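Structural overview for review
Listed here are the chains, written in short residue letters.
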Amino acid sequence: MSEGGHMTGAVAIEGARERRVRADGVELCVAELGDRAQPTVLLVHGYPDSKEVWSEVAVRLAERFHVVLYDVRGHGGSTAPKPLRGGFTLEKLTDDFLAVADAVSPDRPVHLVGHDWGSVQGWEFVTVERAEGRIASFTSMSGPSLDHMGHWIKRRMKRPTPRRVAQLLGQGAKSWYVYVLHTPLLPELAWRGPLGRRWPGMVRRAEKLPQGGYPTPSLPTDAAHGAWLYRDNMRARLAHPRDDAYAHAPVQLITPLEDPFLSEQLYDDLESWAPRLTRRTLSAKHWIPRTRPDQLASWITEFVMATEGGRPAPTATGKYTDRFGGQLVLVTGAAGGIGRATAFAFAEAGARVVAVDLDAEGAARTAELSRLIGAPESWAETVDVSDEQAMEKLAEKVAAEYGVVDVLVNNAGIGLSGSFLDTTTEDWRKVLDVNLWGVIHGCRLFGKQMAERGQGGHIVNTASAAAYLPSRSLPAYGTSKAAVLMLSECLRAELAGQGIGVSAICPGIVNTSITSTARFTGVDAEEEKRRQRKTARLYGLRNYPPEKVADAVLRAVVRNQAVVPVSPEAHGGRLLSRLAPRALRALARLEPPL
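Residues numbered from 1 in each chain as written. Predicted model: local features only at pLDDT ≥ 70, side-chain atom pairs only at ≥ 80, totals over all residues. Heavy atoms only, no water.

**Let's talk about the nonpolar core**
- Membership of the largest hydrophobic core comes to 87 residues, with the highest contact counts inside it found for Tyr70 and Phe97.
- Of all the elements, helix 2 (residues 90-104) adds the most residues to this core, at 8 residues.
- Discounting residues that sit within four places of it in the chain, Tyr70 has contacts with Leu28, Cys29, Val30, Leu42, Leu43, Val44, His45, Lys51, Phe97, Val100, Gln121 and Phe125.
- In terms of nonpolar packing, the next biggest core, distinct from the first, is built from 37 residues, Leu328, Val405, Ile459 and Leu491 among them. (Core = buried A, V, L, I, M, F, W, Y, C linked by side-chain atoms within 4.5 Å. Buried < 20%, exposed > 50% of the residue type's maximum accessible area, 1.4 Å probe, protein only. Helix = DSSP H or I, 4+ residues; strand = E, 2+ residues; numbered from the N terminus. Contact = heavy atoms within 4.5 Å.)

This is the structure we're talking about:
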């Protein structure tokens, strides 16, 4: 179909326009999305994929950019060279790239993005002289330069040490499939036979891929043709790597830490080949265009916009950047106190932040400051966490506009003090609606999205030291927080098999605004205000900052901790609750100094 038509392939990419581009005896199937007046982002797929591996990333990028995808020769809707042998060399693949780039963006360099063999090709494009000036930036994921890899191997063989030998053996074991693909006929027979039929289910189970649109029906033929990518290039280039393979454009390297095919150490010396290098890591396996499209789209957008603006790509410098960079984190009660400090801590670690609060102005301020601190993107949402329908709408909006949440922090809460006999049913309803039902709504709605995605995640519920420290003045508040603690323990057991961690954070006396807004039952308005002021003053004198709680939240997610007391009194109370519960009961009878 001509340019401007609809996709004619087996699986359409929503909103894409298809065109054909001729290059060195083959005809390439090219898809375009987005506004052609915007910078062009060109996505190159790997093996044994077709361009549809990028579909989820492409539709997200198309909101800001002109996005181009093409099937590599012999894959998807593109024709195969004749003969196959010698038809997949990096030189001919470079011809294809330049033909596509000239067709879709003749007057401006493109921002190149490659995954797997698309990244291997991308390294060739960004280091050869004839492509200089046609590439504005390059984002590489799960695919090294064969030249850099050749030098990496030679250095370790010439000067072996126990560490270097271990690296060689480790990567050699991960590369088992490369040896198989060099055998005559066997790969073709396997892909056109049982392997081609079973591969979609195998990769979905191994990577926990979502259903829909991938792999495409052309997989058996694509994989059979693609074996020549390895045969035409691997041995020759690894044995005789180029000495001038320096990147002539800024490079962003995204490394999945759980990639079963590639070692992190392959990129140890990359700065010497790519001086303008930005490194990113994420906790994921190999097929991140399918499992982490939101995160990739965010990083690619950030990198492209920085390059277009002529400035270095911003990188977060927080303590946990390697763990949370690019992840989507939602924090309730984020307008101030522990919630705001937690949002800032995740922002410093490079996470994308959704700040949720009933206070619209406070949530907006938290989102704004999160961007200044280091969040590549942040948004403010106004919602009452106790309102089930409002929370359902929020969950739908977040999933549709921002993606599936990686870390959920149910932090919103209210304080209530007073004797049980002075606490009305309405008082009970208010504190339980926010402190308990707000947590239930968040866990149910966002936890379900995490489970359905199948890529794990983490839920953090803010309980309190009051959850295990009885007090005659906190029956309603303590009950709500004890319920949150038990809910967290139960959820932790249920969701562990799906890779979703659950942590209960139990702060002690923390200097936040909750003290000035907490309600006191059984007293008139004037006395209530007096007690609020006195409580705020006492907490201020204690001056335990919310930032310490926020740091405990991030640490709990990294370590997958179950129950996390925060502050000395919280730790001491937890210990007493286990070793000396009778002493705690005696302390609970004391009248608070108010």
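That covers the picture; the talk isn't over yet.
**Digging into the domain arrangement of the chain**
- You can read the domains of the chain as domain 1 (17-309) and domain 2 (323-588).
- Once you take the C-alpha centre of each, domain 1 and domain 2 turn out to be 42 Å apart.
- Taken together, the contacts link 11 residues of domain 1 with 13 residues of domain 2.
- With both chains or domains summed, domain 1 and domain 2 bury close to 1,000 Å², and 36% of this area falls on carbon and sulfur atoms.
- In terms of surface lost to domain 2, no three residues of domain 1 exceed Lys208, Arg292 and Asp294, which account for 41% of the buried area on that side.
- Scanning the region where domain 1 abuts domain 2 turns up 0 salt bridges.
- Across the contact surface, domain 1 and domain 2 share 4 residue pairs in polar contact (both at pLDDT 80 or more).
- Top element by residues in the side of domain 1 that touches domain 2 is helix 11 (residues 293-308). It accounts for 5 residues.
- Class assignment for the residues of the side of domain 1 that touches domain 2 results in 2 nonpolar, 4 polar and 5 charged. (Domains from an automatic or database assignment. Buried area = accessible area lost by both parts, 1.4 Å probe. Salt bridge = Lys/Arg side-chain N within 4 Å of Asp/Glu carboxyl O. Polar contact = N/O pair within 3.5 Å; in protein donor to acceptor, adjacent residues only side chain to side chain. Nonpolar A, V, L, I, M, F, W, Y, C, P; charged D, E, K, R; others polar.)

**Focus: helix 9 (residues 219-239)**
- The terminal C-alpha atoms of helix 9, which comprises 21 residues, lie 30 Å apart, in line with the 30 Å expected from a rise of 1.5 Å per residue.
- A maximum bend of about 35° is found in helix 9 at Asn233. (Expected span 1.5 Å × (residues − 1). Bend = angle between axes of the 7 residues up to and from the residue.)

**What about the sheet that holds strand 12 (residues 407-410)?**
- Ordered in space as 11-10-9-12-14-15-17, the 7 strands form an open sheet in which the pairing is parallel. Looking along the sheet, the strands with just one partner apiece sit at the ends: strand 11 (378-382) and strand 17 (563-566). Direction aside, neighbouring strands of the sheet carry axes that sit 15° apart on average.
- Examined bridge by bridge, strand 10 (residues 352-357) and strand 11 share 5 bridges and lie parallel to one another. For Ala355, the partnering residue across the bridge sits in strand 11 and is Ala380.
- Packing against the sheet, helix 16 (residues 425-453) makes contact with strand 9 (328-332), strand 12, strand 14 (457-462) and strand 15 (500-507), and its axis sits at approximately 175° to strand 12. (Pairing = 2+ DSSP bridges. Axes fitted to C-alpha atoms, helices over the stretch in contact; angles between N-to-C directions.)

**Regarding empty space enclosed by the protein**
- All told, the structure shown has 5 cavities of 30 Å³ or more when counted by the stated rule.
- If you trace the largest cavity, you find it lined by Trp123, Pro144, Ser145, His148, Trp152, Arg155, Leu266, Tyr267, Asp269, Leu270 and Trp273.
- Here the element with the most residues in the lining of the largest cavity is helix 4 (residues 146-158); it accounts for 3 residues.
- Classifying every residue of the lining of the largest cavity by side-chain character gives 7 nonpolar, 2 polar and 2 charged. (1 Å grid on protein atoms, 1.4 Å probe; cavity = no way out; pocket = protein on both sides within 12 Å on 5 of 7 lines; lining within 4 Å. Points joined across faces, edges and corners; volume = space filled by probe spheres on them.)

**A word on unusual backbone geometry**
- Following Tyr47, the chain continues to Pro48 via a peptide bond in cis, the omega torsion being 0°.
- Of note, Pro48 is situated in the loop between strand 3 (40-44) and helix 1 (55-61).
- Of the consecutive residues Lys82 and Pro83, the connecting peptide bond is found in the cis state with omega at -5°.
- A positive phi angle, close to 60°, is found at Asp116, a residue other than glycine.
- Here Asp116 is to be found in the loop between strand 5 (110-115) and helix 3 (117-127).
- According to the relative accessible area criterion, Asp116 is buried, its value standing at 8%.
- In this structure, Lys208 is a non-glycine residue whose phi angle is positive, near 55°.

**What about the packing of aromatic side chains?**
- Tallied over the full model, the rule gives 16 aromatic pairs.
- Relative to Trp199, the ring of Trp191 has its centre 5.2 Å away and its plane inclined at 70°; by these criteria the two rings are edge-to-face.
- On the accessibility criterion, Trp191 (5% relative accessible area) is buried.
- Judged by centre distance (4.1 Å) and plane angle (15°), the ring pair of Trp379 and Tyr402 falls under stacked. Here Tyr402 lies in the loop between helix 15 (388-401) and strand 12 and Trp379 lies in strand 11, a separation of 23 residues in the sequence. (Phe/Tyr/Trp six-rings, centres within 6.5 Å; stacked < 30°, edge-to-face > 60°.)

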